Amino acid sequence: MATILVVDDELGIRDLLSEILNDEGHTVELAENAAQARAVRVQLRPDLVLLDIWMPDTDGVTLLKEWSSNGLLSMPVIMMSGHATIDTAVEATRIGATAFLEKPITMAKLLKAVDQGLNKAPAKPNHAAPATALRVGGNMLSAEFTVETAMTGGTLPEPMVDLGPQCLQSFNLDGPLREARDEFEKAYFEYHLARESGSMTRVAEKTGLERTHLYRKLKQLGVDLARSKRNAL
């Protein structure tokens, strides 16, 4: 497992990413601004950094450029933002960012980006690409493509086949009551686990159950907690 630094000025984002990554077995360090991120980078040398673009003291792109200029960009850096532009994404790619996650971040995209980042070397700065277009398969793509597409070099995301638990489901009403009830309860808890990104605390609050009781119930029903997290909405 890896040591991952999460840099974001929003407490809720830091807590959510930390919870998900800790559950995956990673060691997570947190920083709420560029100053803290610099200190953690020097002290711990993380294996990967999740870096927010918009921060109050120094923006993420500037910090990324600083690390690149000082020879400190030895780890993959995944940029995050809910308001970035194509130009910002292309600039970050040139500097050396390996990927981009648009907020709100889904668990599936987070885990995929982290896995890919940890299994490849940091991207080298690229000064050749034009600022407003990318080449994919021999064709020039305009800025109409999303920021996330720009940050991944124009690679379109793989289609999501498994959509996870849905709010509308059908049940077998011809069987015994206990089987029908267990089937409903399993679907009910899988749905809320997916909605709450696998957080047992939030599911307990949502369903009105105490955490210990909830764990026993899920085990009894055979709910796959790992699958529920990966299918988070």
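Residues numbered from 1 in each chain as written. Predicted model: local features only at pLDDT ≥ 70, side-chain atom pairs only at ≥ 80, totals over all residues. Heavy atoms only, no water.

### Some points on the overall build of the chain
Counting its secondary structure elements, the chain contains 10 helices and seven strands. Among the 233 residues that make up the chain, the fraction classed as buried is 43%. Counted over contacts in the chain with a minimum sequence separation of 6, partners at least 24 positions apart contribute 65%. (Helix = DSSP H or I, 4+ residues; strand = E, 2+ residues; numbered from the N terminus. Buried < 20%, exposed > 50% of the residue type's maximum accessible area, 1.4 Å probe, protein only. Contact = heavy atoms within 4.5 Å.)

### Let's talk about the pattern of salt bridges
Using the criterion set out here, one finds eight salt bridges in the structure. Here Glu66 and Arg38 are joined by a salt bridge, their closest N and O atoms 2.8 Å apart. Of this pair, Glu66 sits in helix 3 (residues 60-69) while Arg38 sits in helix 2 (residues 34-44), and the two are 28 residues apart along the sequence. Its relative accessible area of 27% is what places Arg38 among the partly exposed residues. Salt-bridge contacts for Glu185 lead to Lys217; the nearest nitrogen and oxygen are separated by 2.9 Å. Here Glu185, found in helix 7 (residues 177-195), pairs with Lys217, found in helix 9 (residues 211-221); they are 32 residues apart in sequence, far enough to count as distant. Because the salt bridges share partners, they merge into one network encompassing Asp8, Glu10, Asp52 and Lys103. (Salt bridge = Lys/Arg side-chain N within 4 Å of Asp/Glu carboxyl O.)

### Looking at the pairing of strand 3 (residues 48-52)
Along any regular strand, the residues point their side chains to alternate faces of the sheet. Within strand 3, five of the five residues are buried, which leaves the element mostly enclosed by the surrounding structure. Residues Leu48, Leu50 and Asp52 of strand 3 are buried on one face, and the alternating residues Val49 and Leu51, pointing to the opposite face, are buried as well. Where strand 1 (residues 3-7) meets strand 3, four bridges bridge the pair, whose relative direction is parallel. Bridge assignment links Val7 to a residue of strand 3, and that residue is Leu51. Here four bridges tie strand 3 to strand 4 (residues 77-81), and the two strands are oriented parallel to one another. The residue bridging Asp52 from the neighbouring strand is Met80, located in strand 4. (Pairing = 2+ DSSP bridges.)

### Focus: the sheet that holds strand 3
Overall, parallel pairing links the five strands, which are arranged 2-1-3-4-5 in an open sheet. If you trace the sheet from one side to the other, it starts and ends with strand 2 (27-31) and strand 5 (99-102), each paired once. Neighbour-to-neighbour, the strand axes of this sheet turn through a mean angle of 20°, independent of strand direction. Examined bridge by bridge, strand 4 and strand 5 share four bridges and lie parallel to one another. For Ile78, the partnering residue across the bridge sits in strand 5 and is Ala99. Sitting on the sheet, helix 3 is in contact with strand 3 and strand 4, with an inclination near 145° to strand 3. (Axes fitted to C-alpha atoms, helices over the stretch in contact; angles between N-to-C directions.)

### Some points on the side chain of Lys217
Judged by its relative accessible area of 17%, Lys217 is buried. Once residues lying within four places of it in the same chain are set aside, the contact partners of Lys217 are Glu185 and Phe189.

### Topic: the side chain of Asp8
Turning to its location among the elements, Asp8 is positioned in the loop between strand 1 and helix 1 (11-23). Separated by 2.7 Å, the side chains of Asp8 and Lys103 make a polar contact. (Polar contact = N/O pair within 3.5 Å; in protein donor to acceptor, adjacent residues only side chain to side chain.)

### Section: the confidence of the model for the chain
Residues with a pLDDT of 70 or more make up 74% of the chain, whose mean pLDDT is 78. Ranking the elements of the chain by mean pLDDT puts strand 6 (residues 134-136) last, at 38, and strand 1 first, at 97. pLDDT under 50 marks residues 153-163. Its contacts with residues more than four places away, or in other chains, come to 14 contacts. In the model, residues 229-233 has pLDDT below 50 throughout and makes 18 contacts with residues more than four positions away in sequence or in other chains. (pLDDT = per-residue confidence, 0-100.)

### A few points about the packing of helix 7 against helix 8 (residues 200-207)
The description of two helices packed together rests on the angle between their axes and the distance between the axes. Two numbers describe how helix 7 lies on helix 8: the axes approach to 9 Å, and their chain directions differ by 125°. Judged on the interaxial angle alone, helix 8 and helix 7 are oblique. The chirality of how helix 7 crosses helix 8 is right-handed. Here Tyr188, Phe189, His192 and Leu193 of helix 7 come into contact with helix 8, specifically with Met200, Val203, Lys206 and Thr207. (Parallel < 35°, antiparallel > 145°, perpendicular 65-115°, else oblique. Left-handed = near helix turned anticlockwise from the far one by under 90°.)

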